[in-house]
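Listed below, chain by chain, are the residues.
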Amino acid sequence: MDDPILTAVAVALSTRAVEGLSGAAREALASVMRLVRRKAAEHRALRAALAAEPASGGGDDRAVAVRRALADAAVHDPDFDQELRRRWASFHQTTVRADAVTNTVSGQVTGPVVQARDISGGVHVGLPTQQHRRR
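Residues numbered from 1 in each chain as written. Predicted model: local features only at pLDDT ≥ 70, side-chain atom pairs only at ≥ 80, totals over all residues. Heavy atoms only, no water.

## A look at helix H5 (residues 78-95)
Alright, step 1. The end-to-end C-alpha distance of H5, which contains 18 residues, comes to 26 Å, matching closely the 26 Å that a straight helix rising 1.5 Å per residue would cover.
Alright, step 2. The set of residues buried in H5 consists of Phe 80, Asp 81, Leu 84, Arg 87, Trp 88 and Phe 91. Along the long axis of H5, the arc covered by the buried residues comes to 140 degrees, so they all point the same way. Among the exposed residues of H5, those oriented more than 90 degrees off its buried face are Pro 78, Asp 79, Gln 82 and Gln 93. (Helix = DSSP H or I, 4+ residues; strand = E, 2+ residues; numbered from the N terminus. Expected span 1.5 Å × (residues − 1). Buried < 20%, exposed > 50% of the residue type's maximum accessible area, 1.4 Å probe, protein only. Arc of directions from axis to C-beta.)

Below you can see the structure in the form of structure tokens.
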């Protein structure tokens, strides 16, 4: 099963997404990136995944390769794994506001995902059934 933290780190690294981040968030992400680059110096697959150019259709292939290499590096070096998670948590804390909603979807999702907040009353999703149409 995919580790959501390693997946998030891989996506952040493979897309180099820093636009819109605060100064503190940029520095926290830079800290994650420095740690991963240091690890890549001794881990051939991680070094290759980070150096790969994103495919023309997007960074999905690169993100998958980076995630796999991160997972391998983490399994073989528990200290790296622990430090990576600590730094990612620090980055994550700088990007979450007290009034913000943070969504995490993991596992296999085969259909749409619906987000709802502050609902009072009932919610019906889908086509009305015969029973509902008669009312």
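Text resumes after the structure shown.
## Focus on the packing of helix H2 (residues 23-40) against helix H3 (residues 44-51)
Alright, step 1. At a minimum axis distance of 7 Å, the contact between H2 and H3 shows a crossing angle of 125 degrees. It follows from the interaxial angle that H2 and H3 lie oblique. Where H2 approaches H3, its residues Val 36, Lys 39 and Ala 40 are matched on the opposing element by Leu 46, Arg 47 and Leu 50.
Alright, step 2. Here the residues of the contact of H2 with H3 sort into 4 nonpolar, no polar and 2 charged. (Axes fitted to C-alpha atoms, helices over the stretch in contact; angles between N-to-C directions. Parallel < 35°, antiparallel > 145°, perpendicular 65-115°, else oblique. Contact = heavy atoms within 4.5 Å. Nonpolar A, V, L, I, M, F, W, Y, C, P; charged D, E, K, R; others polar.)

## Topic: the packing of aromatic side chains
Alright, step 1. Counted by the stated rule, this structure contains 1 aromatic pair.
Alright, step 2. Measuring from centroid to centroid gives 4.9 Å for Trp 88 and Phe 91, while their planes differ by 50 degrees, and the two rings are tilted. You can see Trp 88 and its partner Phe 91 sitting in helix H5, 3 residues apart, about one turn around the helix.
Alright, step 3. Owing to a relative accessible area of 10%, Trp 88 belongs among the buried residues under this scheme. (Phe/Tyr/Trp six-rings, centres within 6.5 Å; stacked < 30°, edge-to-face > 60°.)

## Examining a nonpolar patch on the surface
Alright, step 1. A surface patch of nonpolar side chains, amounting to about 310 Å² of accessible area, comprises Ile 119, Val 123 and Val 125.
Alright, step 2. Mapped onto the secondary structure, Ile 119 falls in the loop between H5 and helix H6 (130-134). (Patch = residues over 30% accessible without salt bridge, like charges linked within 9 Å, V, L, I, M, F, W, Y side chains within 5 Å. Areas by Shrake-Rupley, 256 points an atom, 1.4 Å probe, with all protein chains shown as cover. Salt bridge = Lys/Arg side-chain N within 4 Å of Asp/Glu carboxyl O.)

## A word on helix H4 (residues 60-76)
Alright, step 1. With 17 residues, H4 should cover 24 Å at 1.5 Å per step; its first-to-last C-alpha distance of 24 Å lies within 8% of that length.
Alright, step 2. Burial in H4 covers these residues: Arg 62, Ala 63, Val 66, Arg 67, Ala 69, Leu 70, Ala 73 and Ala 74.

## Here's the deal with the environment of Ala 74
Alright, step 1. Note on placement: Ala 74 falls in helix H4.
Alright, step 2. For the pair Ala 74 and Leu 6, spaced 68 residues apart in sequence, the C-alpha separation works out to 9.3 Å.

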